[in-house]
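# A structural walkthrough
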Amino acid sequence: MTDEPHQERREGHRGTGPGPITPDGCAVAMYARLPVTDEPEVIAAAVPPGASLLELGCGAGRVTRSLVDLGFRVTAVDESAEMLAEVRGARTVRSPIERLDLGEHFDVVLLASFLVHAGSLDVRRGLLDACRRHVAPDGCVLIQREGEDWHTNVPRERPLGTDGRVRVASATPVAEGVNRVHVEYEFPDARWTQTFLSRPMGRAEFEQALAEAGLAVDAYLTEDRVWVRARPATA
């Protein structure tokens, strides 16, 4: 098991397994082997071709590579240098999302991986403020939400790529409105775990959080309302 002693661990987050572990408990080696699913197709269908795109929390570039291949001009942001070292084809920026201020605007800002469900309200506000700060006036923000039963349908598991499995083992209340989620990743040659804090949000709470950041829902892009397109709110 390896942690990164030079990076401050985010409160309530931890990870175990081979290789570096990021401040929010993600295992770099595990994320580097994850397959891409339908994310690039959902994103491409919702935004103009060739758009400039700011990917917040890009990880090891699992989705980044496909977006670059689709012709998007991607700036990929992550707080882990080890994650960014895996990214190919995109401009990279190392920074916590909440503190990011590039002084630039993008056609599309992408906040995927359920990051909007951060357990800390201050972090959630910081994430959404970063989205609003960087989106062009006529641009959009794409957000990936948790499914409605994500915290109640536990334990659950599913295949991961051709030879792995991921298991959401538990979602345990630890504070008002906040659960500690424990996830296990199993491959023939390695095992990783990740524990993090997540705040479930219904549709009304989610839309209120956007409004507080100066954003408004433009469309729910998938039937399960997991993918959302938001735009800068008009006065």
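Note that the structure is predicted; figures quoted are calculated from it, not measured. (Residues numbered from 1 in each chain as written. Predicted model: local features only at pLDDT ≥ 70, side-chain atom pairs only at ≥ 80, totals over all residues. Heavy atoms only, no water.)

### Some thoughts on the packing of helix 5 (residues 121–134) against helix 6 (residues 203–212)
Interhelical geometry of helix 5 versus helix 6 gives an angle of 60 degrees and a closest axis separation of 9 Å. Between helix 5 and helix 6, the interaxial angle falls into the category oblique. Classified by chirality, the crossing of helix 6 by helix 5 is right-handed. Contacts between helix 5 and helix 6 pair R124, R125 and L128 from the former with E205, A209, L210 and E212 from the latter. In terms of residue class, the contact of helix 5 with helix 6 is made up of 3 nonpolar, no polar and 4 charged. (Axes fitted to C-alpha atoms, helices over the stretch in contact; angles between N-to-C directions. Helix = DSSP H or I, 4+ residues; strand = E, 2+ residues; numbered from the N terminus. Parallel < 35°, antiparallel > 145°, perpendicular 65-115°, else oblique. Left-handed = near helix turned anticlockwise from the far one by under 90°. Contact = heavy atoms within 4.5 Å. Nonpolar A, V, L, I, M, F, W, Y, C, P; charged D, E, K, R; others polar.)

### Looking at the layout of surface pockets
In this structure, the second largest pocket spans a volume of roughly 240 Å³. Lining the second largest pocket we find 11 residues, and of these E8, R10, E79, P96 and R99 sit closest to its centre. Grouping the amino acids of the lining of the second largest pocket by side-chain chemistry returns 2 nonpolar, 2 polar and 7 charged. (1 Å grid on protein atoms, 1.4 Å probe; cavity = no way out; pocket = protein on both sides within 12 Å on 5 of 7 lines; lining within 4 Å. Points joined across faces, edges and corners; volume = space filled by probe spheres on them.)

### Looking at the sheet that holds strand 5 (residues 106–111)
Reading across from one edge, 4-3-2-5-6-12-11 is the order of the 7 strands in this open sheet, with mixed pairing throughout. Each of the sheet's edge strands pairs with one partner strand only, and the pair in question is strand 4 (91–94) and strand 11 (215–220). On average, each strand axis in the sheet is tilted by 25 degrees relative to the strand beside it, whichever way the strands run. Bridge count for strand 3 (residues 73–78) against strand 4 is 4 bridges, and the pairing is parallel. Each bridged residue has a counterpart across the sheet, and for T75 the counterpart in strand 4 is R91. The strands touched by helix 3 (residues 62–69) within the sheet are strand 2 (52–56), strand 3 and strand 5, with strand 3 carrying the most contacts at an inclination of about 170 degrees. Of the strands in this sheet, strand 2, strand 5, strand 6 (135–144), strand 11 and strand 12 (227–232) are in contact with helix 5, which crosses strand 6 at around 145 degrees. (Pairing = 2+ DSSP bridges.)

### A closer look at the nonpolar core
Residues L56, L111, L128, V141, I143 and F206 are the most contacted members of the largest nonpolar core, which totals 27 residues. In terms of residue count, helix 5 provides more of this core than any other element does, 4 residues in total. Each residue touching F206, except ones within four places of it in the same chain, is listed here: V116, I143, R145, M201, V217, Y220 and V228. With 22 residues, the next largest nonpolar core counts V42, V63, F72 and V74 among its residues. (Core = buried A, V, L, I, M, F, W, Y, C linked by side-chain atoms within 4.5 Å. Buried < 20%, exposed > 50% of the residue type's maximum accessible area, 1.4 Å probe, protein only.)

### So, the pairing of strand 10 (residues 190–198)
On a regular strand, each side chain points to the face opposite its neighbour's, so the side chains alternate between the two faces of the sheet. Within strand 10, 7 of the 9 residues are buried, which leaves it mostly tucked inside the rest of the structure. Relative to strand 10, strand 1 (residues 14–16) is paired through 3 bridges, and the arrangement is antiparallel. Paired with T16 across the strands is T193, a residue of strand 10. Sheet topology places strand 9 (residues 178–187) next to strand 10; 9 bridges connect them, and they run antiparallel. Bridge pairing in strand 10 places N179 opposite S198.

Geometric values such as these leave the question of function open.
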